[in-house]
Each structure stands twice: as structure tokens, then as C-alpha cells.
Amino acid sequence: MFNTHLVKSALLGGMILAAGAAYAQQDTTQALLDLLVKKGYVSQQEAADLKTQAQANAAAQAASMTAPPASAPVPAGAVVSARSGQSPLSFKIGSADFTPFGFLDFTALYRGTLNGGDIGSSFGSIPYANTANGQLSETRFSAKNSRLGLRVDSKVGGTKVLGYVETDFLGAGPTNINVASNSDTLRMRVYFVDLKNGAWEFLAGQDWSLLTPNRKGLSPLPSDIFFSQDVDTNYQVGLVWGRTPQVRAIYHATDEWTLGVSAENPDQYVGSATTLPSNFTATQIDNGSNGTATPNVTPDLIGKIAFDTKFGDLPFHADMAGLFRQFKINTYVPASGINANATAEGYGGSFNMNLSVMPNLQLIENAFASKGGGRYISTGLGPDFVVAPPDANGVDQIELVYSYADMLGFEWDAVPTTKIYGYFGQAHYGMRTGQQANGSYVGYGYTGSSNSNNKLIEEYTLGLAQVLWKGASYGDLKFLAQYSYLNRSPWFVAAGAPSGTHMNMFYVDLRYDLP
């Protein structure tokens, strides 16, 4: 004699576990229940209960199979795994996706002369052969270019929200940092929030200047901005760039055309090579040591338009940008009753292009010219303006400096794991001078000026980026190499002094990229 309680328990468990399959054939299930009632194993009520339970479980199973995973509610503050297609490091908090990124970097470099620029080269101060530094070389090891960042993606109503922060360890550190600890200083590279709704996009925070060439549209993301493949953390002579606090508005007119405007943190940059009038108060300008204290008038205004298309299957990008700046200084001499301002308006423009001439081979062109835009060229290789001696009324005046820069280059993905690149870049600064009442000269590039008054700086670069191994879940390991040759020519050459100087640089780098 069967144990009826055991039979009923087994039937109930089996029907609950296999409810979806069993109840899909309703006629067979009903016939089975009728037979069990007839044999006396279950009562009519128990059969009805089993049938109700089976129906409920079948419905629940069907719902779980058809409902999309994203529809499941996420408790506030909960951390869940990333969605399919994201970095394996991604996680979710509430409705926001958090994606850590970065790389661990070891750089070794050799320079043929003592440049003293750490792993970021000081292009404007390559030493001359008639100095001790010109007779020395330098070798450096560093991990400070390692990078840490976090990207946060969310959506509020119909607005896509992007938060982005990127840091490295190239911040200003104590002068004795290399003696023992090498405890390099964390610094902010970019830190912004970007809102996109329909065709409009707005950004606030610190990002690459809108004047920096793009690779794609007017995207604020570093991967879509051109700052070369160089290992050198000051990149390439001739590159126009900055990372500035700013507010930006972008309009995506079509899939091909994008327009933008930004208001960016200004800086009245004169640099340390410029000679100032003896009566001038130097705290009014950035001479290389007081940039955060300058009395800037208005933000730098930049407008830009980008065009992206394809010629056949080959992508093409071009962008044009315009720059407008304002400067202001004051002459204050109470004994002479002088209290007067001098103002000037600077401007500039750029044209940049990335052209694929065959699959995996890009030609690159960047060109920039300005009157008062010198700070944007390759870490400020020359002044925005000079301060002219007092005029007939005893008032100092602003004289804007002409400058231009350009780059030509290529980037070739010879095979999926090997990138070869080469660039030529140059930066040129014009002469602006004046004579004081005592006969001495001030300004930039005058006869008798220091050989730090650069007229022309050139850089030739050839480089390699080789992927050693790569895995979707583990990131990749790269070997990077860069060779550069630089020339520097001053405006004035003293008798018996060298007419210019040059430097060879070699970089090798081992980099592990997070997945």
C-alpha cells in the first residue's frame, strides 16, 4: 500500500518544479489529476489545489523568461554587475553605470642634453652647446604617468548624463622627491559633467580646450581628441592644446556637422623670457610663476565647427576653430598722477584634418595662427603679448605677439597589434620690441635679447605602439617607443654664440591598460 502523504508530496513538488512544461499540455495534466482522484490517492480538493499551484508557477516561469533584465527594479544604493558589452570592471549603483579605467605605466627616457623637463619635455629650453647643461645628458625612470579614472553614465528623463574624471601622478611635488621615496603627486587632468538631450550637448568642468584638434566630431572624451601618440607627456611641438576649466555648448546639426562654443579659463601669459618695462607691476601678467593671480578680464571664447564623413569606407574628419581673447593692464604712478588702463583684443584660428587614405592609414594635419594666442602652442612656448614702454602720457601699452604652429603626420596600424606613427611639428613666435627712455630695450626678440627668446622650434618624431598581449577580461600589455629630434633657434645670436641648438630624445614605455 502506497503512503498517500508521500505520493501527494512527490506530486506537489514535481508539479511545482516542472509546472511550465507540464501545464503547457493542459489536457494531459487534467487527465492525470482525474486518475489520481479515481484511485483515491488525492481528494477533489487536493487535486484542485495542485492545479492552482501549477498554474501559478507556470505563469511566474513564463514571466521570468520574457521580461527583459533591465526592467527589474534596482534597490537604491545596490551594486550589481555591469550590463553586457561593458568593461568587466563596470558596476551599477542605482540607475548609474560606473566604469573605472586607466593604466599602469613605466617610462624610461634618455635625452642627449640636460633638458630638465622630467618625462614631459621643456621644448622651449633645450640647452645650448656653450653651457654646462648642453654638455650633459639625462636618463630617467618614472611611473608617474600612470593614470586612474572613472566614467559615470546615467539618464535623467530624456537627458543622457556623463560624469568623467581622469588623473595622473604628474602634479607638482617637493624638489627632493627623487632622493628616496619618489612619492609622485596625484593631479587632476579632466573632471567634467556632460549633458546631452536631442541635438544639444552641454559641458561644465575641466576638459581639453575646444581649441585642441579632434579626431571625431566635437566630442569631449580624450579618445576622440587628437593629442598625438607620443609617450612624452608634453606631446609634440606644434600641437595646440590645453586642459582648461570651461563651459561648453555643442549643437549636433546633422550626423556630419557639429558646431560648438566654449568659454574657457583665461591667462594673460607673457612667460619668463620677455623683458618688461622697469615701471611695470609684473603681478598683472603670468610670467611663468604667478599664473593663478593674473587679473584676467574675460574668459577666452572659442567657436568650432566639425565635419565627419566617409569617402567610400574611409573616415574623414576636419574641424575649424576661432579664438577671441581680451587683455588688460594698468599703469599706476601716484606721484605723477597716472592711473590708466591699456587693453587689447587677441584672436586666432585653426584648421585640422584627419584623412584615411587607405584602411588603417591616417594622414594628419593641424595648423594654427594667432595674434595673442601664444599660450596655446605646445605648453606656452612664447608670449601672448609684450608690455611696451610708457607712451607720451606715461602709460604702458600692450603689443600682441604673432605666433603660428603646425603639425603633419601619419598613424598606421600595420597589423591589429602594431601601430607606427610619425609627426613633424613647429612653433614660430614673432618679434615685438620697444625702447625705454634710458635707451634699453624691452619686449621679445630685440637685438641683444636672451637666447631664450625663441623664434622657431621644430620636432621630428617617429614612434611605435606594440600590443604584447590582450584579453577582453584582462586588459592589455603594450610596449611603446618614441624617438624625437628637436631644433631651437633664437631671435638674437650674440657674437661667438651658437646660432641654435638641438636635442635627441628616446623613450621606451611598458604599459598595462585596464580592460
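Values in this document were obtained by computation on a predicted structure and should not be read as measured data.

### Observations regarding the overall build of the protein
Helix and strand counts for the protein stand at four helices and 23 strands. A buried classification covers 44% of the 515 residues belonging to the protein. Put simply, of all contacts in the protein between residues at least 6 apart along the chain, 63% involve residues at least 24 apart. Of the roughly 25100 Å² of accessible surface on the protein, 60% is carried by carbon and sulfur atoms.

### Remarks on unusual backbone geometry
We note that S228 has phi near 75°; this positive angle belongs to a residue other than glycine. Position of S228 among the secondary structure elements: in the loop between β8 (200-208) and β9 (243-252). The class of S228 is buried, set by a relative accessible area of 8%. One non-glycine residue, T379, adopts positive backbone phi at about 65°.

### Side note on the pattern of salt bridges
Tallied over the full model, the rule gives 20 salt bridges. R325 serves as the salt-bridge partner of D384, at 2.9 Å between the closest nitrogen and oxygen. Here D384 is found in the loop between β14 (361-371) and β15 (385-388), whereas its partner R325 is found in strand β12 (residues 314-333), with 59 residues between them in sequence. A residue is classified by how much of its surface remains accessible, and D384, at 0% relative accessible area, is buried. Judged by relative accessible area, R325 falls into the buried class, the value being 1%. Three or more residues joined by partner-sharing salt bridges are found here, namely E166, D168, R187 and R189.

### Some details on a positive patch on the surface
A grouping of K155, K160, K196 and K216 is seen on the molecular surface, where their side chains present a positively charged patch. Summarising the element assignment, K216 is placed in the loop between β8 and β9.

### Examining the nonpolar core
The biggest cluster of nonpolar side chains holds 31 residues, and the ones touching the most others in it are L211, V240, I377, Y429 and L486. Looking at this core, the elements with two or more residues in it are β12, β18 (418-429), β21 (454-471), β22 (475-490) and β23 (501-513). For this core, the element with the most residues is β23, which contributes three residues. Those residues in contact with V240 that lie beyond four places of it in its chain are L211, T212, P213, F368, Y376, I377 and A405. Core analysis: the next-biggest nonpolar cluster, separate from the first, contains 18 residues, L221, Y235, W241 and Y421 among them.

### Re the pairing of β8
Inspection of the sheet shows strand β7 (residues 185-197) paired to β8 by seven bridges, in the antiparallel sense. When the sheet's bridge partners are listed, N197 is paired in β8 with W200. Strand direction decides the pairing type here: β8 and β9, joined by nine bridges, are antiparallel. Each residue of the ladder has a partner; that of A204, found in β9, is V247.

### Things to note about the packing of aromatic side chains
Applying the stated criterion to the full structure yields 22 aromatic pairs. An aromatic cluster of at least three residues, connected via ring pairs, comprises W208, F227, Y235 and W241. In this structure, R375 packs its charged tip against the face of Y376, placed 4.7 Å from the ring centre. Here the basic side chain of R511 rests over the ring of F103, its NZ or CZ set 4.0 Å away from the ring centre.

### Some thoughts on the side chain of E201
Among the secondary structure elements, E201 is positioned in strand β8. In this structure, E201 is buried with no salt-bridge partner, the nearest side chain bearing the opposite charge being K196 at 4.8 Å. There is a polar contact of 2.7 Å between the side chain of E201 and the side chain of H252. Excluding residues within four positions of it along the chain, E201 makes contact with D194, L195, K196, P220, R248, A249, I250 and H252.

### Quick look at a nonpolar patch on the surface
Judged by side-chain polarity, V193, L195, W200, F202, Y251, W257, L259, I305, M320 and F351 come together as a nonpolar surface patch covering roughly 880 Å² of accessible area. Looking at the nonpolar patch, the elements with two or more residues in it are β7, β8 and β10 (257-264).

### Focus on the side chain of D105
One can find D105 in strand β3 (residues 96-111). Judged by relative accessible area, which is 4%, D105 ranks as buried. In terms of polar contacts, D105 uses its side chain to reach the side chain of T107, at 2.7 Å. Aside from chain neighbours lying at most four places away, what touches D105 is S142, A143, N145, S146, D509, L510 and R511.

### Observations regarding the pairing of strand β19 (residues 432-435)
With four bridges connecting them, β19 and strand β20 (residues 441-444) associate as antiparallel partners. Its bridge partner being in β20, G434 is matched across the sheet by V442.

### Quick notes on the environment of L477
Its place among the elements puts L477 in strand β22. With eleven residues separating them in the primary sequence, L477 and Q466 have C-alpha atoms 8.6 Å apart. Those residues in contact with L477, other than ones at most four positions away along the chain, are Q466, V467, L468, W469, L510, R511 and Y512.

### Things to note about the environment of T292
Among the structural elements, T292 can be located in the loop between β10 and β11 (300-311). C-alpha separation for the pair T292 and D267, spaced 25 residues apart in sequence, amounts to 8.1 Å.

### Observations regarding the confidence of the model for the protein
Looking at the protein as a whole, its pLDDT mean stands at 88, while 85% of the residues score no less than 70. The low-confidence segment residues 1-25 (pLDDT under 50) makes 29 contacts with residues lying over four places distant or belonging to another chain. Segment residues 63-84: pLDDT under 50, and 17 contacts once partners within four positions in sequence are set aside and those in other chains are kept.

Reading guide: rules and limits
What you see as residue numbers is a count from 1 along each chain, following the sequence as written. Reporting in this predicted model follows two pLDDT cut-offs: at least 70 for local features of residues, and 80 or more for side-chain atom pairs to be given and counted; totals over whole chains, interfaces and linings ignore these cut-offs and use all residues. Computation of side-chain values covers all heavy atoms of the structure but excludes hydrogens and water. Helix and strand assignments come from DSSP, with helices taken as H or I runs of at least 4 residues and strands as E runs of at least 2, each series counted from the N terminus. Only protein chains enter the calculation, and the probe is 1.4 Å; a residue is then buried if its accessible area is under 20% of its type maximum, exposed if over 50%, and partly exposed in between. What makes two residues a contact is simply this: any of their non-hydrogen atoms within 4.5 Å. For the area figures, the Shrake-Rupley method with a 1.4 Å probe applies, and any residue is considered shielded solely by the protein chains shown. Salt bridges, as used here, are contacts in which a Lys or Arg side-chain nitrogen is within 4 Å of a carboxyl oxygen on Asp or Glu. Like-charged residues are merged into a patch within 9 Å and nonpolar side chains (Val, Leu, Ile, Met, Phe, Trp, Tyr) within 5 Å, provided each residue has over 30% relative accessible area and no salt bridge. Asp and Glu count as negative and Lys and Arg as positive, but His and the ends of the chain are not part of the count. For this purpose, a charge sits on NZ of Lys, CZ of Arg, CG of Asp or CD of Glu. Buried Ala, Val, Leu, Ile, Met, Phe, Trp, Tyr and Cys residues form a nonpolar core when they are joined through side-chain atoms within 4.5 Å. Note on pairing: DSSP must find at least two bridges between two strands before they are called paired. Stacked, edge-to-face and tilted labels apply to pairs of Phe, Tyr and Trp rings (six-membered ring for Trp) whose centres lie within 6.5 Å, assigned for plane angles under 30 degrees, over 60, and everything in between, in that order. Counted as over-ring charges are cases with an Arg CZ or a Lys NZ within 6 Å of the ring centre that also lie within 35 degrees of the ring normal. Nitrogen and oxygen atoms within 3.5 Å of one another constitute a polar contact, given that in protein one can donate a hydrogen and the other can accept it, and given that sequence-neighbouring residues count only through two side-chain atoms. The predictor's confidence in any single residue is recorded as pLDDT, a number from 0 to 100.

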